[in-house]
Structures are given as structure tokens and as C-alpha cells.
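# Structure assessment
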Amino acid sequence: MSSVRIAAAALVACSACKDHAPKATTVVLGQVLDRTGSIATPSWTDSIRLAVGTANQALKQSGHGELRFELADANSGNAPAMARDGALQVVRKGGAKAVITDSSQDDIAIVSLAYDGDPAHELSVPVVCMACTTPAIDDPVATDPDPVKQAALRNSEGWNFRTTMSDAYQSRVLAHLLTSGPAKGDANGDGHLKLAIYASDDPYGRGFSQTLANDVRQLAPGASVEQLFHDVKAVPAEYHWAADVGRLTDRRNETTGKVDGLPDAVVVISFPKFEINFTRAWLDSGTGVRLVHTHNFRATRVLEVLAAAVEGQEGTSQAVLGEGASARTFTEDLKALTGQAPAFRDAAAYDAAMTLMLATIHAARRNHLADAGQVTGAMVRDSMRAVNDPSGEPVDAGVAGFARAVQLIHEGRAVNYQGASGPCDFDAHGDVVAQLARFHVHSGQFVDAEKYDCSRDRECPPLRQLGSK
């Protein structure tokens, strides 16, 4: 069972506090993130820590230093059972008013606690996922054989939010890329489009894979799609990746059992530690089939391990940063804290914490609480969309932006937080829509070749096209 450790963000106590000053209040946020599993990314925690430090500094500057935020931390291990136990600990023992988590399977496990009928599991706090992308999450008509999981996916009680975009959008862009051009995706010239998809056998891999298969068939009627899944509990150093590469690049379709020709492209949908080993086996095979990665390949550790071997590799992902002042401020602040530029998902982790803290302040004001420590998880949930009010004054990331937001909230005025990752406008289901990118590896770095704006058009046209209108 994961242990909980309270990690206080930097906040220098005022040495000149008066006896009549308001009572100091600490509100705890829980972060249940992978520290040891297949998506462990230390910079996500750094980004959340930055957000908490930013909020605490802004509260002092705006004259509300009696309130501070802290973090209760648990390791999800990118394992549903561990994530569930971690969430129970940060809420029950750590006193967290909300939970930030990472992968689709972890998010589903945590949100399921609200629907399993066991009072001992009732968290009653909002959950913000900063890296889960399966289209099934927050889908009001999602179906699953397990009624508890189905209820969690449908999110009928509204506890679940996410600051990263559903793969339904990435799938559409990827399908267009794979079926475009003079040959309509028929790269090997055999007169038939065949796509092979290699995915992790979990909600994220299966959800993304099926959506992509459906989109390709819609855009290219008659195309054949092969889907092959690997065990998410596989030991990377022991798994037979080369055998799977061989199955993906032969003429037999593993889904239909038919011989339907060589694939024109293979798309990989998995987690970084699996992507690393699969890509090694792919390169060793010497196959000439086009390999296209998706967002988890964009992890820093992939380049650290594979280095020059993946020069020129391509893929699609959610954008690393949004546009505008918030993205610039976040970049500067994170570099000042860690010495590193933002990596993939860092901005989404930061925005998860920022929106929860603004929602907490808004909830205390809306419910006329003299002590923000009395705010409940339900109150925070009900204020999540209020911090992105389209009619409100735009406020940016960073100390100045957060301080302005605090001022506006206490004046009873609407705010519209502009996230570092994008607009951060939660829809009726708890989702956000932002930007996507097509990237490649160049000189040891992930470089965006093109960006697509899904927030202005759900077909996600390239930004250059939008700009020319």
C-alpha cells in the first residue's frame, strides 16, 4: 500500500504576523502519480509543485496569506489497485480535498470508488487526470460489462475532470495523415491500404486503437486494419518484442486471420518503457514499413535511452504547450525551478493543480466560508467550471495571474483561467479541448512539424490553415 507523505510547497511564514490576523488555513491537494511504473515522469510532480508554490506566493501578494496549499503524495505505479489505494490514503489520511492522477487505467480505478457502493471507499472529492486520454472516459453513453466501471466512465456524478485531450481528436488527425496524399495511404503500392496498430492491453490502448481503426475505415472504405495488443504487465527486458514486430510486418492479419498483404504503416499506442523496447526491436528488424508513434513516445526517457537511434522517427501527440502568455510564463517559471524546459504533459499537470486551487478559492467564496479549510470536495467540484467562465476576465498562469484571479474571485467577479496547456475550458462532461502536434525527432529533440487546433474546429485543422482564414 502506498505511503503518504505531505510535501509542503515553499511558503515563508510572515514574521510580522499580528495576533488579530486571520487564522491560518491549509488546504491539501492529493497527487497520485506514477513514480516507479511504466509512465513515471518526475517533471510532472515538479510542475504541480511549481503550481502550488505559485499559488501560495500569489495569495500572500494579494493579501490572503492566511490560506496556503500543500500536497499529499502517493505512488500510483500506473497500476489501478495501487492508484486506488493511494487515492484513499491521500484523502482519508492526508485530508486532500481533490486528487490529481495520471493514466487512464489509474483514473478509472480511482473514479470507480464513487460507484462501487462501499461507504468505506467514498472519496467525495474531484479527480483531475492530467495524462488520461482514452475516449471512453467522461463519455455519457460509455458501455462496459462491469457496471461499476461503466458508471465511472459515464461520470454521472461529475467527479472526474481531465486537463489533457481525449484521443478521439488525435485519432482523427492521425487517420487523416495515414490516408492522405496521392496514394491515399497505399505506401507499398499494392493497391490496398492496410494499417497495423500495436497497443497496450488496457483501457487507453484499446480505446485509442478502436477509435483509430474506426476513423481509418471511415476515411478509407475498404481499408483493412490489424490490431495487436501486448500485456501491460509484461517485463520489458523479458518480453518477445521481436516476435510481435514480425507479426505486425508480415502478410497475415492478426485480427481477421486472413492474408491481406503487407501493412502500409504501423501505429504504436503504448507506454514509454514498452515503446523503448518495441522500437529497439523494430529498428533491429530492418523492416521498411513506416512506423508512426503516438504521444507516450514523446517522453524524455525515450530520447535518453534510444538517443541517435530514433533520429527521424515521427508521431502525433497533444501539444506540449498552448499558445500565449500562460505558456511563456510557465516555461520561464519551470526553468527557474528545475533548470529544464517543459516536457510532455508538464503543462497539463500544472493546470490540473491551478484549476483545483482556483476552484477551491471560488468554492469558499461562493459558499460564504470564513475558513477555506471548511470547503468540501463537492464544493470544489461544483466550482471547477466557474474558473473558466467565458464571460470572465482572462487571467494567466504565474504569480501575477493567480493573484489577479484571487482578487476577482473575492470581488465576486468572473474569471477565465488561461492554461499553460491550452484554454482549460471544462465541458459538460469534464473534458478539455486544445491543440495537437505532428512531431519528429531531430538532433536529439522532439520537434513539432505542425500543430492542429481542435478548440476552434473539432476536425482539428492545421493552425496555418486557421491563420489564413
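Residues numbered from 1 in each chain as written. Predicted model: local features only at pLDDT ≥ 70, side-chain atom pairs only at ≥ 80, totals over all residues. Heavy atoms only, no water.

On to unusual backbone geometry. Of note in the backbone geometry, Asp138 takes a positive phi value of approximately 65° without being a glycine. Structurally, Asp138 can be placed in the loop between strand 5 (127-129) and helix 4 (147-154). Here Cys460, not a glycine, exhibits a phi torsion of approximately 55°, which is positive. Here Cys460 lies in the loop between strand 15 (445-453) and helix 14 (463-467). (Helix = DSSP H or I, 4+ residues; strand = E, 2+ residues; numbered from the N terminus.)

On to the nonpolar core. Counting residues in hydrophobic clusters, the biggest one holds 97 residues, and the most contacted among them are Phe69, Met130, Phe278, Tyr350, Met357 and Phe402. Tallying contributions element by element places helix 11 (residues 346-366) first for this core, with 14 residues. In this structure Phe278 touches Tyr198, Trp241, Val245, Leu248, Val268 and Leu291, once residues within four positions along its chain are discounted. Ranked by size, the runner-up nonpolar core spans 21 residues in total, among them Val32, Val90, Val91 and Leu113. (Core = buried A, V, L, I, M, F, W, Y, C linked by side-chain atoms within 4.5 Å. Buried < 20%, exposed > 50% of the residue type's maximum accessible area, 1.4 Å probe, protein only. Contact = heavy atoms within 4.5 Å.)

Looking now at the pairing of strand 3 (residues 67-75). Of all nine residues making up strand 3, eight are buried, and the element is well covered by its neighbours. As paired elements, strand 2 (residues 25-33) and strand 3 share nine bridges and run parallel to each other. Pairing of Leu29 across the sheet is with Leu71, part of strand 3. Where the polypeptide runs from strand 2 across helix 1 (residues 42-61) and back to strand 3, its parallel neighbour, the crossover connection is right-handed. (Pairing = 2+ DSSP bridges. Right-handed = clockwise from strand over helix to strand, strands pointing away.)

This brings us to empty space enclosed by the protein. To find leftover empty space, one rolls a probe the size of a water molecule over the atoms. According to the stated counting rule, one finds three cavities of 30 Å³ or more in the structure shown. Lining the largest cavity are 18 residues; nearest its centre among them are Thr163, Thr164, Gln318, Ala319 and Ser421. Classifying every residue of the lining of the largest cavity gives 11 nonpolar, six polar and one charged. Estimated volume of the second largest cavity: approximately 50 Å³. What lines the second largest cavity is Ile110, Val111, Ala114, Glu122, Leu123, Ser124, Val125, Val127 and Trp159. When the residues that make up the lining of the second largest cavity are grouped by side-chain class, the tally is seven nonpolar, one polar and one charged. (1 Å grid on protein atoms, 1.4 Å probe; cavity = no way out; pocket = protein on both sides within 12 Å on 5 of 7 lines; lining within 4 Å. Points joined across faces, edges and corners; volume = space filled by probe spheres on them. Nonpolar A, V, L, I, M, F, W, Y, C, P; charged D, E, K, R; others polar.)

Take the state of the cysteines next. A covalent bond between the sulfur atoms of two cysteines is what we call a disulfide. In total, this model carries two disulfides according to the counting rule given. Here Cys454 connects covalently by a disulfide to Cys460, the sulfurs 2.1 Å from one another. With the S-S bond torsion at 115°, the cross-link from Cys454 to Cys460 turns out right-handed. Residues Cys454 and Cys460 agree in their burial class; the two are buried. Looking at the protein chain, its bonded cysteines, counted consecutively from the start of the sequence, adopt the pairing 1-2, 3-4. Free of any disulfide, Cys424 has its nearest cysteine sulfur in Cys129, 13 Å distant. Judged by relative accessible area, which is 3%, Cys424 ranks as buried. (Disulfide = S-S within 2.5 Å.)

What follows covers the layout of surface pockets. Size it by volume and the largest pocket reaches roughly 940 Å³. Lining the largest pocket we find 41 residues, and of these Arg298, Thr300, Pro342, Ala343 and Phe344 sit closest to its centre. Where the lining of the largest pocket is concerned, the elements lending two or more residues are helix 1, helix 9 (300-306), helix 10 (325-338) and strand 15. For the lining of the largest pocket, the element with the highest residue contribution is strand 15, accounting for five residues. A breakdown of the residues in the lining of the largest pocket according to their chemical character gives 20 nonpolar, 13 polar and eight charged.

Turning next to the packing of aromatic side chains. In this structure the tally under the stated criterion is nine aromatic pairs. Measuring from ring centre to ring centre gives 6.0 Å for Phe297 and Phe446, while their planes differ by 75°; the resulting arrangement is edge-to-face. You can see Phe297 sitting in the loop between strand 10 (290-293) and helix 9 and its partner Phe446 sitting in strand 15, a full 149 residues away along the chain. Take Phe297: its relative accessible area is 0%, and that puts it in the buried class. Ring-pair connections join several aromatic residues into one group, and the members of that group are Tyr198, Phe278 and Trp282. If you follow Arg381 out to its NZ or CZ, it ends over the ring of Trp159, 4.1 Å from the centre. (Phe/Tyr/Trp six-rings, centres within 6.5 Å; stacked < 30°, edge-to-face > 60°. Lys NZ or Arg CZ within 6 Å of the ring centre and 35° of its normal.)

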